[in-house]
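# Report on the structure
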Amino acid sequence: MRGFIIVLDSFGIGFAPDAENFGDEGANTLKTISASPKFHIPNLTKLGLLNIDGVTVGGKVEKPSGAYARLRELSCGKDTTTGHWEMAGIISKTPLPTFPGGFPNEVISAFEKETGRGVLCNKPYSGTKVIEDYGKEHLKTGKLIVYTSADSVFQIAAHESIVSPEELYGFCRSARKILKGKYGVGRVIARPFAGEPGSFYRTPRRHDFSLEPPGTTMLDVLKENGKEIIAVGKIDDIFAHRSIDKHFATANNTEGIEKTLQISKEDFNGLCFTNLVDCDMLYGHRRDIDGYAKAISEFDRCIPELIGNLKDDDFLMITADHGCDPGFKGTDHTREYVELLIYGKKIKAVNLKTINGFDCIGKTVCSLFSATSSFRGKDLTGELL
């Protein structure tokens, strides 16, 4: 038996009931990108995306081919780490720390001592603007560009001619050891870049170093039950490499889609877990509506081939980890409901309505694999089979 979970990173479908607490009331990623001429999703529509509770975009189909639901996040956060952890069974009751005023001196001093290099910036910043503003000084001094965002992240940018990607990854590992306890950010992110002053650009060799999940995850349970775990994209980083048998780094959505399609043609007994990050990283944060719509449409085109590769007992789940409405104010993630689409030859095409907790995914996946879990999430197998 094979399972496939594909996370369309940041593909929210409307602001959540507690969005006001996050400053996100009114956000709706799906609605925003649906207005783009680049938006074309016949296969997601056929699976039931537009039939989900609260979705007012486009027309509903009379008989969707998949099961469909609207999921509300319970964790205190709206980022990659908390979203994926919740899917896998862990509810984060307290938010991961953020540093809107930059990191304290004791963190920066320890980092400088560990790496032997000085630090530039140390503020919340746009990833493209920070290399534009500090890249020239970095080239001159060799100091590392350290910055954060509204998310719980410690990001390190360095020009590949000054710091090789492997050396930068080593600096990130040093930061990960420092950033624990009250400073335990969700992710340390390597942000290599290249180019000349005035035309710097980020290279595709980004790498995330995540906090260890604080409890048992869906991946741990499946691994203990003899299932193979294959990670595509940044899944391996998000779960700190735990309980993962194979992982495939990807530079963009196209690579992630191609790798997932390739895996769907292979024999294995377990779960392929894919994250497609471009919607969030390249288009959501940069408020590029057409780019976001184009990325979702590119994914939509792969669905018939992926479904065609499924065997009788296989299942496919398509979901998201949070929102990032490219038409909303600011450049932060947005607190939104997310979609859950489930397809399989033995899966009933039913409306699962609105479900509290992304952890229904972890609970249901374990149940489909006949693996016992203690997750609090709703087990959907009774309605699906």
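Everything below is about the structure shown above.
Computed from a predicted model, the values in this text were never measured in an experiment.

What follows concerns unusual backbone geometry. In this structure, Ala 240 takes a positive phi of about 50° despite not being glycine. The residue Ala 240 is located in the loop between α8 (235-238) and β11 (246-248) in this model. Given the relative accessible area of 18%, Ala 240 is considered buried. One non-glycine residue, His 241, lies in positive phi territory at about 70°.

As a further point, take the packing of aromatic side chains. Tallied over the entire structure, the rule returns 11 aromatic pairs. A ring pair is formed by Tyr 169 and Phe 209, whose centres lie 6.3 Å apart and whose planes are at 50°; its orientation type is tilted. Placement of the pair is Tyr 169 in helix α6 (residues 165-178) and Phe 209 in strand β9 (residues 207-210), with a sequence separation of 40 residues. Per residue, the accessibility class of Tyr 169 equals that of Phe 209, and both read buried. Counting every residue linked through ring pairs, the aromatic cluster contains Phe 99, Phe 103, Phe 111, Phe 154 and Tyr 183. Across from the ring centre of Tyr 337, 3.9 Å away, lies the NZ or CZ of Arg 70, which sits over that ring. The ring of Phe 248 has Lys 259 lying over it, and the distance from NZ or CZ to the ring centre is 4.3 Å.

Taking 1.5 Å of rise per residue, 20 residues should cover 28 Å, and helix α11 (residues 289-308) covers 30 Å from first to last C-alpha, within 8% of that figure. Of all the bends in α11, the largest measures some 35° and sits at Cys 302, one to four residues before the proline Pro 304. The residue sitting at the N-terminus of α11 and contributing the capping side-chain oxygen is Asp 288; that oxygen lies 3.4 Å from the backbone nitrogen of Asp 290.

Before going further, it helps to examine the packing of helix α9 (residues 253-263) against α11. Running from N to C, α9 and α11 point in directions that differ by 10°, and their axes come no closer than 11 Å. Here α9 is positioned roughly parallel relative to α11, judged by the angle of their axes. Here α9 contributes Asn 253, Thr 254, Ile 257, Thr 260 and Leu 261 to the contact with α11, which in turn contributes Ala 295, Glu 298, Phe 299, Cys 302, Glu 305 and Leu 306. Of the residues contributing to the contact of α9 with α11, the split by class is six nonpolar, three polar and two charged.

If you look at the biggest cluster of nonpolar residues, it comprises 82 residues, and the most contacted ones within it are Leu 49, Met 218, Phe 273, Ile 296 and Phe 299. For this core, the element with the most residues is α11, which contributes nine residues. The contact partners of Met 218, leaving out residues within four places of it in the chain, are Ile 5, Ala 88, Leu 271, Phe 273, Ile 361, Gly 362, Val 365, Cys 366 and Phe 375. Phe 99, Val 163, Leu 168 and Cys 172 belong to the second-largest nonpolar core, a separate cluster that totals 23 residues.

Its place among the elements puts His 159 in strand β6 (residues 153-159). Look at His 159 and you get buried, because its relative accessible area is 7%. Considering only alpha carbons, one finds His 159 and Ile 145, 14 residues apart in sequence, at a separation of 9.5 Å. Residue contacts for His 159: discarding those within four places in its chain leaves His 138, Leu 139, Phe 193, Ala 194, Gly 195 and Phe 200.

What counts, and where the lines are drawn
- Position numbers for residues count from 1 along each chain, tracking the sequence in the order it is written.
- With pLDDT at 70 or above as the cut-off, local features in this predicted model cover only qualifying residues; side-chain atom pairs require 80 or more to be listed or tallied, and sums for whole chains, interfaces and linings still use all residues.
- Heavy atoms from the whole structure form the basis of all side-chain values; hydrogens and water molecules are not counted.
- In this text, helices come from DSSP runs of H or I with a minimum length of four residues, and strands from runs of E with a minimum of two, each type numbered from the N-terminal end.
- Any residue under 20% of the maximum accessible area for its type is buried, any over 50% is exposed, and the rest in between are partly exposed; the area is computed with a 1.4 Å probe on protein chains only.
- Geometry of aromatic contacts follows a simple scheme: Phe, Tyr and Trp rings, the Trp one being its six-membered ring, pair when their centres are within 6.5 Å, and the pair is stacked under 30 degrees between planes, edge-to-face over 60, tilted otherwise.
- Lysine and arginine charges are scored as sitting over a ring when NZ or CZ, respectively, is within 6 Å of the ring centre and within 35 degrees of the ring normal.
- Here the expected length of a helix is defined as 1.5 Å per residue gap, with one fewer gap than residues.
- Note on bend: at a given residue it equals the angle between the axes fitted to the 7 residues ending there and to the 7 starting there.
- For this analysis, a polar contact is any N or O atom pair within 3.5 Å, provided that within protein one partner can donate a hydrogen and the other can accept it, and provided that sequence-adjacent residues contribute only side-chain to side-chain pairs.
- For helices, the fitted line uses only the C-alpha atoms of the stretch in contact; every axis is such a line through C-alpha atoms, and the angle between N-to-C directions lies from 0 to 180 degrees.
- For classification, angles of less than 35 degrees are called roughly parallel, those exceeding 145 degrees roughly antiparallel, those between 65 and 115 degrees roughly perpendicular, and all remaining angles oblique.
- In this analysis, two residues are considered to be in contact whenever any of their non-hydrogen atoms come within 4.5 Å of each other.
- Lys, Arg, Asp and Glu make up the charged group, whereas Ala, Val, Leu, Ile, Met, Phe, Trp, Tyr, Cys and Pro make up the nonpolar group; the residues left over, Gly among them, are polar.
- Throughout, nonpolar core names a set of buried Ala, Val, Leu, Ile, Met, Phe, Trp, Tyr and Cys residues whose side chains join them through atoms within 4.5 Å.

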